[in-house]
Amino acid sequence: APVKTSESSTTGVFSRGRAAISARTLRTDRWWVPPATTVLGLAAFVIYATVRSFVRSAYWVPDFHYLTPFYSPCLSASCVTGSSHFGTPIGHLPMWIPLGFLVLPFLLLFRLTCYYYRKAYYRSVWMAPPACAVAEPHAKYTGETRLPLIIQNAHRYFFYVAVIISVINTYDAVISFHAADGFGIGLGTLIITGNALLLWAYTLSCHSCRHIAGGRLKHFSQHPVRYRFWTVVSKLNTRHMQLAWTTLGTLVLTDFYVMLVASGTISDPRLIG
Ligand code: FES
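Definitions and limits used
Residues numbered from 1 in each chain as written. Predicted model: local features only at pLDDT ≥ 70, side-chain atom pairs only at ≥ 80, totals over all residues. Heavy atoms only, no water. Disulfide = S-S within 2.5 Å. Buried < 20%, exposed > 50% of the residue type's maximum accessible area, 1.4 Å probe, protein only. 1 Å grid on protein atoms, 1.4 Å probe; cavity = no way out; pocket = protein on both sides within 12 Å on 5 of 7 lines; lining within 4 Å. Points joined across faces, edges and corners; volume = space filled by probe spheres on them. Helix = DSSP H or I, 4+ residues; strand = E, 2+ residues; numbered from the N terminus. Nonpolar A, V, L, I, M, F, W, Y, C, P; charged D, E, K, R; others polar.

*Asks:* Just to check I follow, could you spell out the state of the cysteines for this structure?
*Replies:* In a disulfide, the sulfur atoms of two cysteines are held together by a covalent bond. All told, the structure shown has one disulfide when counted by the stated rule. The disulfide partner of Cys74 is Cys79, and the S-S distance across this bridge is 2.1 Å. Torsion about the S-S bond of the Cys74 and Cys79 cystine: about -90°, corresponding to left-handed handedness. With a relative accessible area of 9%, Cys79 lands in the buried category. Of all cysteine sulfurs, the one in Cys114 lies closest to Cys132, which takes part in no disulfide; the gap is 19 Å.

And the structure:
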């Protein structure tokens, strides 16, 4: 019979049919390091992104057309002059609504439902379970079959929105090739463009994208274009976790750099113009 402890007898390693071991885990290594690191990394990003999304300052550099991704596209009449590349259909927004409010929730949902991030926060934040052979604290497990987790199945639709947002990020990268007299390249241009490219790599390496490209095909030979696309996406897909973290970093770096230049803290080193 399973060993009875103060834990719920239906939980994790204490459940029926599991080995009768009273310890929560027999692991003696530092199994908690990866989940703890993940929590710290995700929390740092969420705090930074939330603060920056609300402050409404230093997000646009008019001289070089640098716009931070956290405010793109800026569709409100409250956006600073020049930063609204697609007009201002939204009118003025009160201070408590971020100027990027139309896009940020979708980006959040895209990442939240991402197959990699699920793995990351199921283990680290939700501890279900925190590591191999470490019991989870939850009494029951319903998987992704009910609300709210059933929403994870909508990941493909958030992917479609993310593609549109990647196009907008690309537009921002193109217009950042700007100087007072037209064409120009600065360090900011390289950072914004690098960020846009990596966002494309992350978005296209998505598991849903891979399935959209090559899923449900009976004969690759009859769909050479989809097969080629699927091959490329499959290669990128093996790097999905790295791209997930790298793009969190480049988003922060891009925003931080635009903030430093826009606030006049540093001046943008120019290569051309
Ligand atoms: Fe990670 Fe789709 S699986 S973005």
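*Asks:* I keep staring at the layout of surface pockets and nothing clicks. Help me out?
*Replies:* If a probe the size of a water molecule is rolled over the atoms, the empty space left behind becomes visible. One number sums up the size of the largest pocket: a volume of about 810 Å³. Taken together, 34 residues make up the lining of the largest pocket; nearest its centre are Phe45, Val46, Leu107, Leu108 and Arg111. Those elements giving two or more residues to the lining of the largest pocket turn out to be α1 (33–55), α2 (104–112), α3 (115–124), α4 (155–175), α5 (187–204) and α8 (240–262). If you tally residues by element for the lining of the largest pocket, the top one is α1, at nine residues. Of the residues contributing to the lining of the largest pocket, the split by class is 27 nonpolar, six polar and one charged. By volume, the second largest pocket is sized at about 460 Å³. Lining the second largest pocket are 16 residues; nearest its centre among them are Trp126, Tyr141, Thr142, Gly143 and Leu149. Of the residues assigned to the lining of the second largest pocket, the class counts are nine nonpolar, three polar and four charged.

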